[in-house]
Protein chains: 2
Amino acid sequence: MRNGRKGPTGRPRGFDTDEALERAMLVFWEHGYEGAGLSTLTRAMGISTTSMYAAFGNKEELFRKVLERYTEGPSAYLARALEEPTAREVAGAILAGTVRTTTRPAHPAGCLGVQGALAVSDSGQAVRDLLAAWRNDGCTRVRERFQRAVEEGDLPPETDPGLLARYVTTLAFGIAVQAASGVDREELRAMADAALGNWPIRP
Amino acid sequence: MRNGRKGPTGRPRGFDTDEALERAMLVFWEHGYEGAGLSTLTRAMGISTTSMYAAFGNKEELFRKVLERYTEGPSAYLARALEEPTAREVAGAILAGTVRTTTRPAHPAGCLGVQGALAVSDSGQAVRDLLAAWRNDGCTRVRERFQRAVEEGDLPPETDPGLLARYVTTLAFGIAVQAASGVDREELRAMADAALGNWPIRP
DNA sequence: CGATTTCCGTATCGATCGATGCAGAAGTCG
DNA sequence: CGACTTCTGCATCGATCGATACGGAAATCG
């Protein structure tokens, strides 16, 4: 559709796609996939429904692009945390990043990947499955990092990397729920620090 | 309205209120407050929308009654756990009960109190706040139980009961999210056991 | 400029949302 | 039985849902 080799270029788009996605991300983050109506979304994006459909396809594809943006933006702390030198620092960075992102002032409380579509109607199950896969993928990446830590001798050889990854992600998802409930940032940070006081947990 | 002192009794209700509430609970549990439409609810309850409004008021009041039923039914493990003799056993019972309830076969995965209304549209914020208060109330009750444990010498005197309660409930909410993502029951059970391997956590 | 392409504002689609009005059936009283 | 009360099935309400059709405005080409 774009850039066929023949003919004039046509009128360029009248709005910034990146900024529109950012606005849409904040709406989905606050209200969830199904709680965010087209009217609310387009009003926040500053465009009409026609422009939204022309630029992003439909509501579900808009959400998919928003989730990509979220992964590389507010949730980028995960990828950075996986590069910490020790498993203990990886876990600490994940929890600290989760607390920071889920309780940032002037941003919606909680985590888009958790509250975006936990329980939905029949028409939203595709997005529900997408987010479930997103969460499970996060846990898998943490497990692989802990597996490497075992191989490197950073973690004791009898450590179960899957168990440990499930523990850290469970804390992270729980923090997201607490944040969505209005719990204070400092309290969550203190709790996360204390949770890693005895590290690593063992089966 | 019911049982005014004058006049005949009138035609009795043609369905079992308790069973209708049970069916509604399962629908809200699976689809959330806003994801459960009146047509889905009434079909599952086996009654018409008119009967639902006559018996329960409206959708929001129906949900409130469903939440009460959930608290005294699937979530009753919390009240029982608080009566365990030691703080350590309280925490263990809470996590074991959470795993059991959020992964019970033939029941919806996850926790109604978590996925019932985490992120909603403007018209659902009353229910959202209701569930946030429900979760915070659970944390408060755990904190008060741990406070008692400190006074009884069951927990070390320097223990922070609020921190410990936040830790246990964060794990519980995280378990609910994992369960909603399809994580296996046995894996969650093993993780919960390991999480309490070093008890209590300290600030 | 004129031709062509694309974007965008308005108006609207059918479906579903939660919620009711109405009338008659069904049951409980004296 | 007959008076009275309540429940229930059908139809429908206005609002909103996600999604489009259409046509004019705007921008880029030769």
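Below: a short report on this structure.

Criteria and thresholds
Residues numbered from 1 in each chain as written. Chains lettered and ligands numbered in written order. Predicted model: local features only at pLDDT ≥ 70, side-chain atom pairs only at ≥ 80, totals over all residues. Heavy atoms only, no water. Near = heavy atom within 4 Å. Polar contact = N/O pair within 3.5 Å; in protein donor to acceptor, adjacent residues only side chain to side chain. Helix = DSSP H or I, 4+ residues; strand = E, 2+ residues; numbered from the N terminus. Nonpolar A, V, L, I, M, F, W, Y, C, P; charged D, E, K, R; others polar. Buried < 20%, exposed > 50% of the residue type's maximum accessible area, 1.4 Å probe, protein only. Contact = heavy atoms within 4.5 Å. Buried area = accessible area lost by both parts, 1.4 Å probe. Salt bridge = Lys/Arg side-chain N within 4 Å of Asp/Glu carboxyl O.

Focus: the protein's contact with DNA strand D
So, point 1. Close contacts around DNA strand D come from 26 residues, with Leu38, Tyr53 and Lys59 of chain A together with Gly14 and Thr50 of chain B the closest.
So, point 2. Backbone sugar and phosphate groups make up 73% of those atoms of DNA strand D lying within 4 Å of the protein.
So, point 3. In this structure, Lys59 of chain A approaches DNA strand D through a side-chain N or O atom, which is 2.5 Å from a phosphate oxygen.
So, point 4. Contributing elements (two or more residues each) for the surface near DNA strand D: helix H2 (38-45) and helix H3 (49-56) of chain A together with helix H3 (49-56) of chain B.
So, point 5. Broken down by element, the surface near DNA strand D gets its largest block of residues, three residues, from H3 of chain A.
So, point 6. The residue makeup of the surface near DNA strand D, split by class, is eight nonpolar, 13 polar and five charged.

Focus on the protein's contact with DNA strand C
So, point 1. Near DNA strand C you find 27 residues, and of these Gly14 of chain A together with Thr9, Leu38, Tyr53 and Lys59 of chain B are the closest.
So, point 2. Taking all atoms of DNA strand C within 4 Å of the protein, the share assigned to sugar and phosphate is 72%.
So, point 3. At 3.4 Å, a side-chain N or O of Arg11 of chain A approaches a base oxygen of DNA strand C.
So, point 4. Mapped by element, the contributors of at least two residues to the surface near DNA strand C are H3 of chain A together with helix H2 (38-45) and H3 of chain B.
So, point 5. Top contributing element to the surface near DNA strand C by residue count: H3 of chain B, with three residues.

Quick look at the side chain of Gln115 of chain A
So, point 1. Take Gln115 of chain A: it is sitting in helix H7 (residues 112-115).
So, point 2. Looking at Gln115 of chain A, the relative accessible area reads 4%, which means it is buried.
So, point 3. Setting aside residues no more than four positions away along its own chain, Gln115 of chain A makes contact with Trp29, Gly32, Ala109, Gly110 and Ala180 of chain A together with Leu118 and Ala119 of chain B.

Section: the interface of chain A and chain B
So, point 1. Contacts between the two partners involve 43 residues from chain A and, on the opposite side, 43 residues from chain B.
So, point 2. The contact between chain A and chain B buries some 3,400 Å² in all, and 59% of this surface belongs to carbon and sulfur atoms.
So, point 3. The interface formed by chain A and chain B contains two salt bridges.
So, point 4. Close ionic contact of Arg166 of chain B with Glu187 of chain A constitutes a salt bridge, the shortest N to O distance being 2.8 Å.
So, point 5. Our enumeration of links across chain A and chain B arrives at 17 residue pairs in polar contact (both at pLDDT 80 or more).
So, point 6. Taken together, the elements giving at least two residues each to the side of chain A that touches chain B come down to helix H1 (17-31), H7, helix H8 (125-151), helix H9 (161-180) and helix H10 (185-195) of chain A.
So, point 7. Of the residues contributing to the side of chain A that touches chain B, the split by class is 21 nonpolar, 14 polar and eight charged.

A few points about the pattern of salt bridges
So, point 1. Applying the stated criterion across every chain yields a total of 17 salt bridges over all chains.
So, point 2. Arg189 of chain A is the salt-bridge partner of Glu186 of chain A, the closest N and O atoms lying 3.0 Å from each other. Placement of both Glu186 of chain A and Arg189 of chain A in helix H10 is noted, with a separation of three residues, approximately one turn of the helix.
So, point 3. What makes Glu186 of chain A partly exposed here is its relative accessible area of 46%.
So, point 4. Among the residues examined, Arg189 of chain A registers a relative accessible area of 30% and is labelled partly exposed.
So, point 5. Across the salt bridge formed by Lys65 of chain B and Glu61 of chain B, the nearest N and O atoms sit 3.8 Å from each other. Of the two residues, Lys65 of chain B and Glu61 of chain B both sit in helix H4 (residues 59-72), four residues apart, roughly one turn of that helix.
So, point 6. Look at Lys65 of chain B and you get partly exposed, because its relative accessible area is 30%.
So, point 7. Overlapping salt bridges, with partners in common, bring together Asp18, Glu22 and Arg69 of chain A in one network.

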